Amino acid sequence: MEKFKQLISTAVPLETENVDTDQIIPARFLKATDKLGFGDNVFRDWRFHKDGSVNESFPLNQSIYGGSILVAGNNFGCGSSREHAAWALAGYGFKVIVSSFFADIFKGNALNNGVLPIQVSEVFLKDLLGKIQADPTLEISVDLENQYISYSNGKETFEIDAYKKVCLINGYDDIDFLISKKDKINAFEATQ
Amino acid sequence: MGKTLFDKVWDAHVVDVIENGPQILYIDKHLIHEVTSPQAFNELESRGIPVARPDKIVATADHNTPTLNQHLPVKDELSRNQLEQLTKNCAKNKITLYGLGHENNGIVHVIAPELGFTQPGMTMVCGDSHTSTHGAFGTIAFGIGTSQVAQVFASQCLLLEKPKSLRVNVNGKLAKGVLPKDVILYIISKLGTNSGTGYFCEYAGNVFEEMSMEGRMTVCNMSIEMGARGGMIAPDETTFEYVKGREFAPKGAAFDQKVAEWKTLPTDADAVFDQEYSINAEDIGPMITYGTNPGMGIKISEKIPEIADVSFEKSLAYMNFNKGESLIHKAINYVFIGSCTNSRIEDFRIAAAFVKGKKKAHNVIAWLVPGSQKVAKQIEAEGLKTIFETAGFTLRQPGCSACLAMNDDKIPEGEYCVSTSNRNFEGRQGQGARTILASPLVAAATAIEGRIVDITKYMN
């Protein structure tokens, strides 16, 4: 897994609330047996009309917006457990997702793929979305070590599990850790 | 202070606690399917890690399988490849697979209970968010991502933060025509789609105590639709009776021993939950959804609420519905009875009881998809198949089908589908398809009438 410490980037605003993982990557794209290429189809049915033409009004298609941060409405990533959603966002180039609330499974999937979900207050989110829309060149700073996100005059600290923070900073994943605990797991199994 | 059902099962499975971090939870049963497992197998193989406990894994093919002509090779190349990968991976790692056509094949959350893999007090996971279904047995069961599938393969454990506890009490008497699906759709409509996030939910009260196992599974199945990782119902005689005698359930003295253990699992009287809600059964009616998340539900006799909100309006625009509108008399061309929410024998009995002696509306295309080969056989054995066929319906073969439309069972763009599945997200049943979630009874009535009807009027 890629290491993550800090990031300074512009962002793409996606105001919609309750964005479910079926929107992030529709089920018809889940037939692959590897993790590659999902980025091409992220938000497929919002980015393109059914005839294949580009939906110009969707923020990802608006050339004024860009960067590796996605700022999204409340309850991002709800629904299906498909990790393909995290692969699609990472594949497209997003490294940070900002929202006022994340669904549990998506949050874990993102962290397991080096994508940092940052939960901020409703007030901060609203202000940030407005600022990006007013000035798409706005730079946003994310500092994982010190756990804060900031832009012009806005700044907020965010929570992250201490263990997961170490994993992201060092690029470790849970498999390495669990295998290092094999003795304890074997001892537990012996009691069953 | 007493312990909750959840605490008791969780605490019995903690291998280790990381200081200021997650806990290592042991997993008793790992269910896998073709869509969310291949990348996990690849991960292990590329790192040279063996599957730790293949004996604790059960595999089925369900998400991406056709529901017609299952004896023929799967036409879609990508789907066929995914199924072949599953077969190959299971053979290589000595994992039990109930593939397409096997007598035990079916939707993962339907077959595990019916084969007796699902038992009270267990921890169960699957790369599928509706794994919460198994909570109906007093099991900690939840959906996981593919990285976690790989973790369980490698260690039979997961690193998790212990969720908070939530209890939803429903007491009173349900009106005629109000089914378990209506109970859970009502709960989600009242509490909201993210009310359960961060929590594990217990459903308590006489309504759940009096419910069949099939009904309890329907309720627990949709826990994730209010954000809860899982939902549980305390095991009781109904549970023990269901598990008894199933192929992989303990037998004889071992079963009695287990029952004695399972009887200690229900939440202690003095246990305290982080959050608790109470609902009167009398307030619940037959439900229907009008929007693009499962929380956007109303009683079938009610009108769409008038809420000024961008996301709400976007949702109504997608559905082509208006604020303040009633859905009664809306013409419907598609009906789907199936999915891990409502494809068990009880669901087909309910649909058949309504359909008996009537004819399907000409405008309706109805897909009736049993949850498993065993359910399909039982439908035939109980004479329900004849009832459906006489009414003009055809039964398809088991699988997830139009619930997520990965296979060819897709609802055309712009069409409405009254569906017994669990998600009405945009495009869930096909690009541009409009899903209306309901119980098997409402779905059956819609198929007969060709439009949405006030089912409460048929009940009197």
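In this text, all values refer to a predicted model and were calculated from it rather than measured experimentally. (Residues numbered from 1 in each chain as written. Chains lettered and ligands numbered in written order. Predicted model: local features only at pLDDT ≥ 70, side-chain atom pairs only at ≥ 80, totals over all residues. Heavy atoms only, no water.)

Trainee: Give me the overall build of chain B: which residues, what numbers.
Mentor: In terms of helices and strands, chain B carries 15 helices and 18 strands. For 460 residues, the compact-globule formula gives about 23 Å, and the C-alpha radius of gyration of chain B, at 21 Å, lands near that figure. Scored against the burial criterion, the 460 residues of chain B give a buried share of 65%. Considering only contacts in chain B between residues 6 or more positions apart, those separated by 24 or more positions represent 74%. Accessible surface computed for chain B: about 15,900 Å², of which carbon and sulfur atoms make up 49%. Here chain B contributes 46 positive and 52 negative side-chain charges, whose respective centroids are spaced 4 Å apart. (Helix = DSSP H or I, 4+ residues; strand = E, 2+ residues; numbered from the N terminus. Rg over C-alpha atoms; globule rule 2.2 N^0.38 Å. Buried < 20%, exposed > 50% of the residue type's maximum accessible area, 1.4 Å probe, protein only. Contact = heavy atoms within 4.5 Å. Areas by Shrake-Rupley, 256 points an atom, 1.4 Å probe, with all protein chains shown as cover. Lys, Arg positive; Asp, Glu negative; His and termini not counted. Charge placed at Lys NZ, Arg CZ, Asp CG, Glu CD.)

Trainee: Can you tell me about the interface of chain A and chain B, naming the residues and giving the values?
Mentor: Of the residues lining the interface, 51 residues belong to chain A; the matching set on chain B comes to 65 residues. In this assembly, chain A and chain B are joined by 28 residue pairs in polar contact (both at pLDDT 80 or more). Among the elements of the structure, α1 (21-24), α2 (44-47), α3 (84-92), α4 (104-111), α6 (162-170), α7 (174-180) and α8 (182-191) of chain A are those that each provide at least two residues to the side of chain A that touches chain B. Of all the elements, α7 of chain A adds the most residues to the side of chain A that touches chain B, at six residues. (Polar contact = N/O pair within 3.5 Å; in protein donor to acceptor, adjacent residues only side chain to side chain.)

Trainee: I'd love a proper account of the sheet that holds strand β5 (residues 96-98) of chain B, names of residues and values included.
Mentor: Residues and elements named next belong to chain B. Spatially, five strands are ordered β5-β4-β3-β6-β7 in an open sheet, and the strand pairing comes out parallel. Of all strands in the sheet, those bounded by a partner on one side alone are β5 and β7 (140-143). Averaged over all pairs of adjacent strands, the angle between strand axes in this sheet comes to 20°, irrespective of strand direction. In this sheet, strand β6 (residues 123-126) lies alongside strand β3 (residues 29-32) in parallel orientation, the contact comprising three bridges. Note that in β6 the partner of Leu 31 across the bridge is Cys 126. (Pairing = 2+ DSSP bridges. Axes fitted to C-alpha atoms, helices over the stretch in contact; angles between N-to-C directions.)

Trainee: Could you give an account of the state of the cysteines, naming the residues involved and the relevant values?
Mentor: Under the defined criterion, the tally for this structure stands at zero disulfides over all chains. There is no disulfide at Cys 167 of chain A, and the cysteine sulfur nearest it, in Cys 157 of chain B, is 16 Å away. In this structure Cys 126 of chain B is a free cysteine whose sulfur lies 9.5 Å from that of Cys 400 of chain B, the closest cysteine sulfur available. (Disulfide = S-S within 2.5 Å.)

Trainee: Give a detailed account of helix α10 (residues 252-262) of chain B, specifying residues and quantitative values.
Mentor: All names here are of chain B. The complete set of buried residues in α10 reads Phe 255, Val 259 and Trp 262. The arc that holds every buried residue of α10, seen down its axis, measures 60°, which confines them to one face. Across from the buried face of α10, at angles greater than 90 degrees, the exposed residues are Ala 253 and Asp 256. Tucked inside the fold, the buried residues of α10 contact α9 (237-243). (Arc of directions from axis to C-beta.)

Trainee: I'd love a proper account of the sheet that holds strand β5 (residues 116-119) of chain A, names of residues and values included.
Mentor: Residue and element names in this part refer to chain A. The parallel open sheet is built from four strands, whose spatial order is β2-β3-β4-β5. The sheet terminates laterally at β2 (11-14) and β5, the two strands that pair on one side only. Each strand of the sheet is rotated relative to its neighbour by a mean of 20°, with strand direction disregarded. The pairing of strand β4 (residues 96-99) with β5 spans four bridges and is parallel. Paired with Val 96 across the bridge in β5 is Leu 116.

Trainee: How would you explain the pairing of strand β8 (residues 154-157) of chain A if you had to name every residue and give the values?
Mentor: All names here are of chain A. Only one face of β8 is covered, namely the one carrying Gly 154 and Glu 156; the face carrying Lys 155 and Thr 157 has none of its residues buried. Note: strand β7 (residues 148-151) against β8, four bridges, orientation antiparallel. Paired with Tyr 148 across the strands is Thr 157, a residue of β8. Hairpin connection, β7 to β8: the antiparallel pair is bridged by two residues, and Ser 152 has positive phi, about 20°.

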